[in-house]
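Structure assessment
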Amino acid sequence: MTYREITHGLYWVGANDWDRRLFDELIPLPDGTSYNAYLIRGSKKTVLIDTVDPTKETELLENLRSLGIASLDYVVVNHAEQDHSGAIPCILKEFPEAKVITNEKCREFLRSLLMLPENVFSVVKDGDTLSLGDRTLEFLITPWVHWPDTMLTYLREDQLLFTCDFFGSHLATSDLYARERMRVYEAAKRYYAEIMMPFRVSIKNHLERLKKYEIRTIATSHGPIWDDPQSIIDAYTGWVSDQVENEVIIAYVSMHGSTKKMVDHLVDGLIQRGIKVKPLNLTVTDVGELAKSLVDAATIVIGTPTVISNPHPSAVCAAHLIRVLRPKARYATVIGSYGWGGKTVQVITELLSVSSMKFLDPVILKGYPADEGYAALDVLADTIAQKHEQDPLVIKG
Ligand code: FEO
């Protein structure tokens, strides 16, 4: 795919990765992804904003060649992760005159990750500006979106914010702009869950700061550009807020059907009590879907049989992922079946204990569930309903 003009002198010069199906060797990419880089031709200086994954450096170079770029003054690097920085060595080889503009933390990472020489850098601080002649760049240092090095670059005259990962979505698409709204929204939410959710508090502060800026366009480095930026800003504002939905996620695995029977009963009980519920069978649910489901839920239930005295490994993996992603859920518990004892509740509770979630009494049954077990699940459903009703952070209705 060749370059795309955004406005006079401003171009998308990135690459779509239609076939990529895994990121970080962990996150499934059902729709591939894109690595968006941008070229600004100022009246005096020409600047490249971020680069692409090293597997796509040829496409980036071809885009620059088709634009007739014979020399480059600057490469602005908003973030050192290799899917955006990995083509910098190739760019510097092609354009040895270019200076790398970035912040101190990002410089440190680029030195260690890409072994870039010290003399290519020009380090900027928060609020610094760079004149391109008729256009001006302003740099906003915004750590922990999602690495400690992250910054945003604001193109003042165009009121356009280059946000790298922030507001992004893993979508390979021929749409330059977010036109398929629901599809892009869902992809952006999934991206937020997988990448940004652990840094909710930092992001909340950065969103507050962005209120001071007039923003007409948000140009991310994954997925389409937002020319209606308020829609994604509003979505993020909701995701990072402390409020949760009247919703329960049940992430479960069942070996011989006992735990599944318990999950089915709890699902029905929660629905009858007016609670939205989403059971996720961990044997068929991908990591991204699980992560996305955690964004809004008030309560997380882990359903697991006991295997060799422990929770099922799939349940341990899910609990660990929840621990790492730090969702804002208010309550958590465990349900499941065992044969002859074990420490299932202890292991899951310890895994989730780093968050501020309050633990509700677990329901652990011996063997196949019977009347007493179903009654215990009904009590759990009552408890969840009552907690949600009384909790001011749970959105009702
Ligand atoms: Fe898309 Fe944190 O890199």
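Residues numbered from 1 in each chain as written. Predicted model: local features only at pLDDT ≥ 70, side-chain atom pairs only at ≥ 80, totals over all residues. Heavy atoms only, no water.

What follows concerns helix α11 (residues 344–352). For α11, the complete set of buried residues consists of T344, V347, I348, L351 and L352. Within α11, the buried residues cover an arc of 120° as seen down the axis, which keeps them to one side. (Buried < 20%, exposed > 50% of the residue type's maximum accessible area, 1.4 Å probe, protein only. Helix = DSSP H or I, 4+ residues; strand = E, 2+ residues; numbered from the N terminus. Arc of directions from axis to C-beta.)

Burial analysis of strand β15 (residues 160–164) places five of its five residues in the buried class, the great majority of the element. Of the pairings in the sheet, the one linking strand β14 (residues 151–155) to β15 comprises three bridges and is antiparallel in character. Within β15, the residue paired with T153 across the bridge is F162. Hairpin remark: β14 followed by β15, antiparallel, with four residues in the connecting loop; positive phi at Q159, about 50°. As paired strands, β15 and strand β16 (residues 217–220) are joined by four bridges and run parallel to one another. Within β16, the residue paired with L160 across the bridge is T217. (Pairing = 2+ DSSP bridges.)

Within the largest apolar cluster, 61 residues are counted, with the highest numbers of intra-cluster contacts made by F166, F167, I203, I232 and Y236. If one sorts the elements of this core by residue count, helix α5 (residues 181–196) sits on top with eight residues. Among the domains, domain 1 (4–240) and domain 2 (248–383) are the pair contributing at least three residues each to this core. Beyond its immediate sequence surroundings of up to four residues, F167 is in contact with L207, L210, I218, T220, W226, I232, I233 and Y236. Grouped together as the second largest cluster of nonpolar side chains are 31 residues, L39, A80, A98 and L114 included. (Core = buried A, V, L, I, M, F, W, Y, C linked by side-chain atoms within 4.5 Å. Domains from an automatic or database assignment. Contact = heavy atoms within 4.5 Å.)

Angle between the axes and distance between the axes: these two values describe a pair of packed helices. Where helix α6 (residues 200–210) contacts helix α7 (residues 229–240), the two axes come as close as 10 Å, and the packing angle between them is 140°. Taken together, α6 and α7 sit at an angle that is classed as oblique. Both α6 and α7 take part in a crossing whose hand is left-handed. Residues R200, I203, K204 and L207 of α6 pack against I233, Y236, T237, W239 and V240 of α7. Of the residues assigned to the contact of α6 with α7, the class counts are six nonpolar, one polar and two charged. (Axes fitted to C-alpha atoms, helices over the stretch in contact; angles between N-to-C directions. Parallel < 35°, antiparallel > 145°, perpendicular 65-115°, else oblique. Left-handed = near helix turned anticlockwise from the far one by under 90°. Nonpolar A, V, L, I, M, F, W, Y, C, P; charged D, E, K, R; others polar.)

On to the domain arrangement of the chain, then. Per the domain assignment, the segments of the chain are domain 1 (4–240) and domain 2 (248–383). Counting residues at the interface gives 14 residues for domain 1 and 14 residues for domain 2. Among the residues domain 1 hides against domain 2, the three largest losses belong to R190, M197 and P198. Together they make up 40% of the total. The interface formed by domain 1 and domain 2 holds three salt bridges in total. D296 is the partner of K189 in a salt bridge, and the nearest nitrogen-oxygen pair spans 2.5 Å. At the boundary of domain 1 with domain 2, the tally comes to six residue pairs in polar contact (both at pLDDT 80 or more). When residues of the side of domain 1 that touches domain 2 are traced back to their parent elements, those giving at least two are α5 and α7. (Buried area = accessible area lost by both parts, 1.4 Å probe. Salt bridge = Lys/Arg side-chain N within 4 Å of Asp/Glu carboxyl O. Polar contact = N/O pair within 3.5 Å; in protein donor to acceptor, adjacent residues only side chain to side chain.)

So, on to the packing of aromatic side chains. With the rule as written, the count across this model stands at 12 aromatic pairs. With a centroid separation of 5.0 Å and 75° between ring planes, the pair formed by Y154 and Y213 is classed as edge-to-face. In this pair, Y154 is assigned in strand β14 and Y213 in the loop between α6 and β16, connecting sequence segments 59 residues apart. For the pair Y154 and Y213, a shared accessibility class is recorded, and that class is buried. Residues F166 and Y236 carry aromatic rings whose centres are separated by 5.5 Å and whose planes lie at 75° to one another, so their mutual orientation is edge-to-face. Taken together, the residues span a long stretch of sequence, with F166 in the loop between β15 and α5 and Y236 in helix α7 at a distance of 70 residues. (Phe/Tyr/Trp six-rings, centres within 6.5 Å; stacked < 30°, edge-to-face > 60°.)

With that settled, the discussion passes to the packing of α5 against α7. Packing of α5 against α7 leaves a shortest axis separation of 11 Å and a crossing angle of 40°. Relative to α7, the element α5 is oriented oblique. The handedness of the crossing between α5 and α7 is right-handed. For the pair α5 and α7, the contacting residues are R181, Y185, A188, K189, Y192 and M196 in the first and S231, I232, A235, Y236, W239 and V240 in the second. Looking at the contact of α5 with α7 residue by residue, the class counts come to nine nonpolar, one polar and two charged.

All chains considered together, the criterion is met by four cavities of 30 Å³ or more. One number sums up the size of the largest cavity: a volume of about 80 Å³. Lining the largest cavity we find 14 residues, and of these W12, N36, T173, D175 and L176 sit closest to its centre. Residue composition of the lining of the largest cavity, by class: six nonpolar, six polar and two charged. (1 Å grid on protein atoms, 1.4 Å probe; cavity = no way out; pocket = protein on both sides within 12 Å on 5 of 7 lines; lining within 4 Å. Points joined across faces, edges and corners; volume = space filled by probe spheres on them.)

Taken in spatial order, the seven strands line up as β1-β2-β7-β8-β9-β10-β11 in an open sheet, and their pairing is mixed. The outermost strands of the open sheet, each flanked by one partner alone, are β1 (4–7) and β11 (121–123). Ignoring which end each strand starts from, the neighbouring axes of this sheet average 25° apart. As paired strands, β1 and strand β2 (residues 10–12) are joined by three bridges and run antiparallel to one another. Paired with T7 across the two strands is L10, which belongs to β2.

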